[in-house]
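Secondary and tertiary structure notes
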Amino acid sequence: MKVSIATIAILAGAAEAFAPGRQIQPLARHQQQRPTSELHLFSKVKNLFNLDKFDRMVKKNFPGAISNKDLSKRVVKALEKKGFTPDNTLLATSVCADELARVLEDEFVDIYGTNFNLGGLSGFPFAGNTGWGAMSAHVPDDGYCLTIHGPHVGITKDGQIGKVERSGIALVDSCCGSAIAASNYLAGITEGFASVNPAIQKFSDFQQGAVQELILPHGKRLSEAKNLMKELPYALYDSQDVMVTDIVNTGKGSIKKGLAVLGGIQINTGPDTDDYFHPLKFDYYDENGELVADLLYKLK
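Quick summary incoming for the structure in this document. (Residues numbered from 1 in each chain as written. Predicted model: local features only at pLDDT ≥ 70, side-chain atom pairs only at ≥ 80, totals over all residues. Heavy atoms only, no water.)

Applying the stated criterion to the full structure yields 3 cavities of 30 Å³ or more. If you add up the space inside the largest cavity, you get close to 60 Å³. Lining the largest cavity, in full, are Trp-132, Met-135, Ser-136, Val-139, Tyr-144, Cys-145, Ser-254, Ile-255, Lys-256, Gly-258 and Leu-259. Looking at the lining of the largest cavity, the elements that each hand over two or more residues are helix H6 (128–137), strand S4 (144–149) and strand S8 (258–268). Of the residues forming the lining of the largest cavity, the biggest block, 3 residues, is contributed by H6. Of the residues that constitute the lining of the largest cavity, the class distribution is 7 nonpolar, 3 polar and 1 charged. (1 Å grid on protein atoms, 1.4 Å probe; cavity = no way out; pocket = protein on both sides within 12 Å on 5 of 7 lines; lining within 4 Å. Points joined across faces, edges and corners; volume = space filled by probe spheres on them. Helix = DSSP H or I, 4+ residues; strand = E, 2+ residues; numbered from the N terminus. Nonpolar A, V, L, I, M, F, W, Y, C, P; charged D, E, K, R; others polar.)

If you want it as structure tokens, here you go:
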């Protein structure tokens, strides 16, 4: 049998490799695993797929909802045509005290600067007429005001409405806690098991007492809802919209160049996903305090 020099070299190398006491070197990292770039790309594609799946789930549960990022872009584009700029616009917000509500607020603060806070629990404008008057005085001369209001609701990764994952907290928490407490109070009344509370409007919990009163007109609607947690923020919004409209109409004489009022439902999600907003109203008032344009179609 003929054996080439190359074959002899290979056999000699193999013999040396398996010689007693010889340590077998492990394969290099790049020989053991997929290249890091491949793994990174695979992880990125998987993450995008999961985010797209989550996005579709949110929009299925809340038809008309858009991400906060898309919302801010569309609002800015619509209002630029009316003359709104970061330099001549005051942002006013009436959203819940919950830290999750700051996500939407911060999205617009990054554009228009610090905001005037009109809101309290569940997003109701508890600053009232006095707060509105103070806010109006802070609008730049010949400037504009953008007011954003709305209750909020959570949704988990697996689609549970009324709850949300919070950063650093293992417990999947209720969202909005104030709204849920108010709905429980309402259920106690409509179902007849509530006890008489002589201190319903005590000042140590005045805002929650007010939320409970403001939700009363929606008792039948909520008791018949197929999904209470889904219907609850919309019922709260309807009561809130009445308050906001009354405050605006009372103080519209203080409008300077123009006022935009954006109302809807905040949809809070976990730390790894975008939050959403379901816009329900986007009205524009001129310098005379007249409602002159419905801009909601610009957010679709």
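After presenting the structure, the write-up continues.
With that settled, the discussion passes to H6. By the burial criterion, the buried members of H6 are Gly-128, Gly-131, Trp-132, Met-135 and Ser-136. Here the buried residues of H6 occupy an arc of 135° about the axis, which is enough to place them on one side. For H6, the exposed residues set more than 90 degrees away from the buried face come down to Thr-130 and Ala-137. The inward-facing, buried residues of H6 abut strand S2 (89–94), strand S3 (115–117), S4, helix H10 (228–251) and S8. (Buried < 20%, exposed > 50% of the residue type's maximum accessible area, 1.4 Å probe, protein only. Arc of directions from axis to C-beta. Contact = heavy atoms within 4.5 Å.)

Here we come to the packing of helix H4 (residues 68–80) against helix H5 (residues 102–112). Between H4 and H5, the least distance of the axes is 10 Å, while the angle of their chain directions is 40°. Looking at the two axes, H4 sits oblique to H5. As H4 runs across H5, the sense of the crossing is right-handed. For the pair H4 and H5, the contacting residues are Asn-68, Lys-69, Leu-71, Ser-72, Val-75, Val-76 and Leu-79 in the first and Val-103, Leu-104, Glu-107, Phe-108, Ile-111 and Tyr-112 in the second. Grouping the constituent residues of the contact of H4 with H5 by class yields 9 nonpolar, 2 polar and 2 charged. (Axes fitted to C-alpha atoms, helices over the stretch in contact; angles between N-to-C directions. Parallel < 35°, antiparallel > 145°, perpendicular 65-115°, else oblique. Left-handed = near helix turned anticlockwise from the far one by under 90°.)

A separate point is the packing of aromatic side chains. Scanning the entire structure with this criterion turns up 3 aromatic pairs. Ring centres of Phe-84 and Tyr-144 lie 4.3 Å apart, and the angle between their planes is 35°; on these two criteria the pair is classed as tilted. Taken together, the positions of Phe-84 in the loop between H4 and S2 and Tyr-144 in strand S4 put the pair 60 residues apart, joining distant regions of the chain. Taken as a pair, Phe-84 and Tyr-144 share a single burial class, namely buried. Ring geometry for Phe-84 and Tyr-284: centres 6.2 Å apart, planes at 65°, overall edge-to-face. Of this pair, Phe-84 sits in the loop between H4 and S2 while Tyr-284 sits in strand S9 (residues 276–286), and the two are 200 residues apart along the sequence. Here Phe-84 falls in the buried class, since its relative accessible area comes to 2%. Aromatic rings pair up to connect Phe-84, Tyr-144 and Tyr-284 into one cluster. (Phe/Tyr/Trp six-rings, centres within 6.5 Å; stacked < 30°, edge-to-face > 60°.)

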